[in-house]
Every structure is written in structure tokens, then in C-alpha cells.
Amino acid sequence: MEFDGYLNRDTLLIILLLVLGIGGSGIARGFLSEQGHDALGSAVFVLGYGTMVLLLWWGWLRPLDITGPSER
């Protein structure tokens, strides 16, 4: 599936990961907090957000070759 410009498969995957990692874990945390499970809600949020950061680093940032110029 190919879209015009920036909206390709990789970009959609990153957007989905961000929405689920931030929004999904935040909604789950809020729901659990309303049910009286504050500690569990906080743990779910930290695990969801942390997993999102780890997956973004692993799939998007880690492969980048970030080096300065080798000659001056």
C-alpha cells in the first residue's frame, strides 16, 4: 500500500505506535485509576510508554548512522 508524499507504510506504523504508546496506555491508566487500581494503572502506563520508546529506538533511531565528518 503506497500513499503520496510522507504518508507511506513506515510513517503510518510510527504514527500508530505513537498513538497506541501514548494514547492507549494513557486511556488504560485512566480507566484503571477510575476502577481504584492506581498502582496497576501507573504500571500499565509506564510499561506501555516505555515499550513505545524502546520500539521507536529499535526500529527507527538505532539504524541511523549519526556520525560527524571523518575528514577536516
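Before going into details, it helps to say that this report is about the structure given with it. (Residues numbered from 1 in each chain as written. Predicted model: local features only at pLDDT ≥ 70, side-chain atom pairs only at ≥ 80, totals over all residues. Heavy atoms only, no water.)

Examining the side chain of S25
So, step 1. When you line up the elements, S25 lands in helix α1 (residues 9-34).
So, step 2. For S25, a relative accessible area of 5% translates into the label buried.
So, step 3. Among the polar contacts listed, one links the side chain of S25 to the backbone oxygen of G21, at a separation of 2.5 Å.
So, step 4. Contacts of S25, omitting those with residues within four sequence positions, involve L20, V44, F45, G48 and Y49. (Helix = DSSP H or I, 4+ residues; strand = E, 2+ residues; numbered from the N terminus. Buried < 20%, exposed > 50% of the residue type's maximum accessible area, 1.4 Å probe, protein only. Polar contact = N/O pair within 3.5 Å; in protein donor to acceptor, adjacent residues only side chain to side chain. Contact = heavy atoms within 4.5 Å.)

Brief notes about α1
Along an α-helix, residues three or four positions apart point the same way, because every turn accommodates 3.6 residues.
So, step 1. The terminal C-alpha atoms of α1 lie 36 Å apart, and with 26 residues this matches the ideal 38 Å at 1.5 Å per residue to within 8%.
So, step 2. L20 marks where α1 bends most, by close to 25 degrees.
So, step 3. All of the buried residues in α1 are G21, S25 and L32.
So, step 4. Contact partners of the buried residues in α1: α2 (38-61).
So, step 5. In the stretch just after α1, G36 is the one whose phi turns positive, near 95 degrees. (Expected span 1.5 Å × (residues − 1). Bend = angle between axes of the 7 residues up to and from the residue.)

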